[in-house]
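So the chains spell out like this:
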Amino acid sequence: MAMGLPRLVAVSLTLALVSFFPPLPISLAGEIASIESVPDLQKLMYVAVDGYPCVRLLNLSGQIGCSNPGLSKVVAPIIKLKDVKDLVLPHTVLVTADEMEDFFTRVSNDLSFASKIGGVLIESGSSFQQKLKGLSPDKMFPQAQFSPYGNVDYKWNPTASSIMWKAYNFPVYLLSESGISAVQTFLSKKEMKHKTYTSDVAEFNMVMETTKAGTHNSEACLQEGTCLPLGGYSVWSALPPINVSSSNNRKPIVLTVTSMDSASFFRDKSFGADSPISGLVALLGAVDALSRVEGFSNLKKQLVFLVLTGETWGYLGSRRFLHELDLHSDAVTGLSDALIETVLEIGSVGKGLSGGINTFIAHKTRVSSATNMTLDALKIAQDSFASKNIKILSADKTNPGIPPSSMMAFMKKNPQTSAVVLEDFDTKFVNKFYHSHLDDLSNINSSSVVAAASVVARTLYILASDSKDSSNSALGSIHVNASFVEELLACLLSCEPGLSCNLVKDYISPTNTCPGNYAGVIIGEPSSKPYLGSVGDVSRFLWNILAEKTSVQKGNTTSSCSKGTCSKTDELCIKAESNKEGTCVVSTTRYVPAYSTRLKYADGAWTILPQNTSDAMGMVDPVWTESNWNTIGVQVYRVQHSAYDNAVLVAGIIVTTLAYIGIMVAKSFITKALKQD
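Small disclaimer: the values here were computed from a predicted structure and weren't measured.

**Brief notes about the overall build of the protein chain**
Helix and strand counts for the protein chain come out as 19 helices and 27 strands. Considering the protein chain as a whole, with its 677 residues, one finds that 54% of them fall into the buried category. In the protein chain, once contacts between residues fewer than 6 apart in sequence are set aside, the share between residues at least 24 apart is 80%. When the accessible surface of the protein chain is summed, it comes to about 30,000 Å², and 53% of that surface belongs to carbon and sulfur atoms. Counting 57 positive and 60 negative side-chain charges, the protein chain places the centres of these two groups 3 Å from one another.

Below, the structure is given as structure tokens:
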């Protein structure tokens, strides 16, 4: 009893002293009814944020893009750009899409300001498309170094800011819709409580291997194995199939070209709806329409369709395709550059609709009989439509030449190339979101793509048949399936349904739902018969659908293929991914590796070849690579200010000291009282 009384008095005194101090705020970010496990506690404290990263890309002269500055995660308090005044410590700046260009321009021009940027979160969305006059992080003349003409100061892209071509020594992350909601909800709680003693911080896990290894250009990172070359697999297909076993009676080739890859500031948010996917979908719509036409084997010319990848990064696909033609490699068996009579490239065609009329501009490479033949065919195709809602115009004669397109690589290789590039613009891009994350499905009109597909389909038939009669009954029977085009747009330009749409899943088993349309990196040894695990979803889909649309059946019979191979050499196994048994079809459809002609793969590694003065494009090839990285992620959470932590520590020391003094006094008083008793 005598020993318990001092303790009781001490506890009572301590509780009384503690009651004078306010309760400590709890640093929890979420709301969970009960905590039953460590994961529950983690969910309560840390909010994972969904979005799209800006990553580190390298070339022979340096690097661009974004990365954590060091070897560890970046943690910095969040502040809205409009609230930024004089930052003392690095912060995570929350930037809206309409502030993006000015912000990154300031970062590049003000090193003091840049040093105070710990990371950047970009808030964007469809609402910004209406209010922005333009947002293009590319250059005014994209890839001007590959231009076949001298006026490289021409402004094809007047809304350009060039911000994607600079290096930033901090992480940048584009918030998805759910990411925006998560961050806004998180920040709103700070305004309601814990305003005095806490900070909301963002944690960026965006460490690049090239940063860790100190390899700051493509040559160094390839030597150390900290990066991979940009590239992938292009696809070409012939209608009708080419008899590769016979070299007799080869027909002149009408080559139709488009591309499948785009770019933006953010790696996995490069839809490229108008530039270039509208052209890709128009090509597929035209191929689908032509596949229903009988008697193609009796026509005078051979149609070949070529879908390129890597075009955004030094025209990798077109340059490699032309190089493979020079080598007469297996990837282009059945083709010859000497047989290519004319080329029609389908560029941006998603914004041609205006005032009920779909207008497209024909840009020609040079004056020649073959070019005039293509222009005439376009006019005949235009006149063949009863609705008269399609108009083909020739490009302004004051233009310096063809716009940025794959034909620049063709022209640079052979200035005598006869080609026409079909676009939805004349003297400058009408796509104000060129190579921006905002060039999505809402930026184009599906009827414009259908119209482009329709005029291309009939133009190709006119060229192949060498007919100049716009009233030809066979020509009038060629109709594009608008529903097919719209389904393709939904599959290739959205995340819902995205690549999980029924059309794509009928041909392949996609590894991703969202079609990023970024070229990506080439993995393993390049081959015309690659390991399919190294081929992107879109390339595999295109190979399968083109193989089917351009195929013929011998004797109207089909055979199944269970292991991806067919018994006959002229047959291909399609739909083997999506079905237990694929289908064998007679088709000439090939993969063509797309990577820099300055690169060589040997003994499991990439090396850079010496410059060749006879290769004009190789002399200016940047040789783009992407840094390796393990995981990329962003989370937000709340931390207490260190000043408040120090105050709590001091308060604790004072409480402890007072409690000790109180105990001593009480003990002395009680001891005296007991002695008196």
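**Observations concerning the confidence of the model for the protein chain**
Here the protein chain shows a mean pLDDT of 90. Residues at 70 or above account for 90%. Every residue in residues 1–32 scores below 50 in pLDDT, and together they form 45 contacts with partners more than four places removed in sequence or on other chains.

**Considering the layout of surface pockets**
Put simply, the largest pocket is a space of about 1,000 Å³. Lining the largest pocket are 38 residues, with Lys529, Trp543, Glu571, Leu572 and Arg590 sitting closest to its centre. Among the secondary structure elements, those contributing two or more residues to the lining of the largest pocket are helix 17 (537–549), strand 21 (571–574) and strand 23 (588–594). Residues of the lining of the largest pocket, tallied by class, amount to 15 nonpolar, 13 polar and ten charged. As a volume, the second largest pocket reaches approximately 820 Å³.

**Details of the pairing of strand 7 (residues 117–123)**
Among the seven residues of strand 7, seven are classified as buried, and the element is accordingly described as predominantly covered. The pairing of strand 6 (residues 91–96) with strand 7 spans six bridges and is classified as parallel. Across the sheet, residue Val93 finds its bridge partner in strand 7, namely Val120.

**Some remarks on the pattern of salt bridges**
Inspection of every chain in the model, using the stated rule, returns 16 salt bridges. Of the charged contacts in the structure, one is a salt bridge between Glu626 and Arg267, with a shortest N-O distance of 2.9 Å. In this pair, Glu626 sits in strand 26 (residues 625–627) while Arg267 sits in the loop between strand 13 (253–259) and helix 9 (273–290), placing the two residues 359 residues apart along the sequence. Here the two residues Glu626 and Arg267 agree in accessibility, since each one is buried. Through salt bridges with shared partners, a single network forms among Arg267, Asp268 and Glu626.

**Things to note about unusual backbone geometry**
Peptide bonds are, in most cases, trans, and in most cases residues other than glycine have a negative phi. Along the chain, Leu239 connects to Pro240 via a cis peptide bond; the corresponding omega equals -5°. Here Pro240 lies in the loop between strand 12 (232–239) and strand 13. Cis geometry is adopted by the peptide bond preceding Pro276, which originates at Ser275 and carries an omega value of 15°. Here the phi dihedral of Lys388 falls at roughly 55°; this positive angle occurs in a residue that is not glycine.

**Let's talk about the sheet that holds strand 10 (residues 198–205)**
With mixed pairing, the eight strands of this open sheet are ordered in space as 1-27-10-5-6-7-9-2. At either margin of the open sheet sits one strand with a lone partner, and together these are strand 1 (46–49) and strand 2 (51–53). Taking each pair of neighbouring strands and ignoring which way they run, the sheet shows an average axis angle of 30°. Examined bridge by bridge, strand 7 and strand 9 (residues 172–175) share three bridges and lie parallel to one another.

**Re the state of the cysteines**
For the structure shown, the criterion picks out six disulfides. Disulfide pairing is shown between Cys54 and Cys66; the S-S distance is 2.0 Å. Residues Cys54 and Cys66 are joined through a disulfide that is right-handed, its torsion about the S-S bond being 80°. Of this pair, Cys54 sits in the loop between strand 2 and strand 3 (56–59) while Cys66 sits in strand 4 (residues 62–66); the two residues are twelve residues apart in sequence, bridging distant segments of the chain. Here Cys54 and Cys66 have matching classes, each one buried. There is a disulfide in this structure between Cys566 and Cys584, and the S-S distance comes to 2.1 Å. Disulfide Cys566-Cys584: torsion about the S-S bond near -105°, hence left-handed.

**Describing the packing of aromatic side chains**
In this structure the tally under the stated criterion is 23 aromatic pairs. On the numbers, 6.2 Å between centres and 70° between planes, the contact of Trp156 with Phe425 is edge-to-face. Taken together, the positions of Trp156 in the loop between helix 5 (127–131) and strand 8 (167–168) and Phe425 in the loop between strand 19 (419–423) and helix 13 (446–465) put the pair 269 residues apart, joining distant regions of the chain. Look at Trp156 and you get buried, because its relative accessible area is 0%. With a relative accessible area of 4%, Phe425 lands in the buried category.

**Points about the sheet that holds strand 22 (residues 582–586)**
Here we have three strands laid out as an open sheet, ordered 20-22-21, and antiparallel in their pairing. Two strands close off the open sheet at either side, each with one partner strand: strand 20 (559–561) and strand 21. Across this sheet, the average inter-strand angle for adjacent strands is 45°, counted without regard to direction. Taken together, the four bridges between strand 21 and strand 22 define a ladder with antiparallel strand orientation. The residue bridging Glu571 from the neighbouring strand is Val586, located in strand 22. Against the sheet, helix 17 contacts strand 21 and strand 22, and its axis sits at roughly 130° relative to strand 21.

**Observations regarding a nonpolar patch on the surface**
Residues Val650, Ile654, Leu658, Tyr660, Ile661, Met664 and Val665 make up a contiguous nonpolar surface patch of roughly 640 Å² in combined accessible area. Relative to the elements of secondary structure, Tyr660 occurs in helix 19 (residues 642–676).

**Regarding empty space enclosed by the protein**
Overall, the coordinates contain three cavities of 30 Å³ or more when judged by the stated rule. In this structure, the largest cavity occupies an estimated 350 Å³ of space. Lining the largest cavity are 28 residues; nearest its centre among them are Ser259, Pro276, Pro404, Ser405 and Tyr434. Taken together, the elements giving at least two residues each to the lining of the largest cavity come down to strand 13, helix 9 and strand 15 (340–346). Per-element tally for the lining of the largest cavity: the top contributor is helix 9, with three residues. Looking at side-chain class alone, the lining of the largest cavity contains ten nonpolar, eleven polar and seven charged residues. Taken as a whole, the second largest cavity spans an internal volume of roughly 150 Å³.

What counts and how
Residues numbered from 1 in each chain as written. Predicted model: local features only at pLDDT ≥ 70, side-chain atom pairs only at ≥ 80, totals over all residues. Heavy atoms only, no water. Helix = DSSP H or I, 4+ residues; strand = E, 2+ residues; numbered from the N terminus. Buried < 20%, exposed > 50% of the residue type's maximum accessible area, 1.4 Å probe, protein only. Contact = heavy atoms within 4.5 Å. Areas by Shrake-Rupley, 256 points an atom, 1.4 Å probe, with all protein chains shown as cover. Lys, Arg positive; Asp, Glu negative; His and termini not counted. Charge placed at Lys NZ, Arg CZ, Asp CG, Glu CD. pLDDT = per-residue confidence, 0-100. 1 Å grid on protein atoms, 1.4 Å probe; cavity = no way out; pocket = protein on both sides within 12 Å on 5 of 7 lines; lining within 4 Å. Points joined across faces, edges and corners; volume = space filled by probe spheres on them. Nonpolar A, V, L, I, M, F, W, Y, C, P; charged D, E, K, R; others polar. Pairing = 2+ DSSP bridges. Salt bridge = Lys/Arg side-chain N within 4 Å of Asp/Glu carboxyl O. Axes fitted to C-alpha atoms, helices over the stretch in contact; angles between N-to-C directions. Disulfide = S-S within 2.5 Å. Phe/Tyr/Trp six-rings, centres within 6.5 Å; stacked < 30°, edge-to-face > 60°. Patch = residues over 30% accessible without salt bridge, like charges linked within 9 Å, V, L, I, M, F, W, Y side chains within 5 Å.

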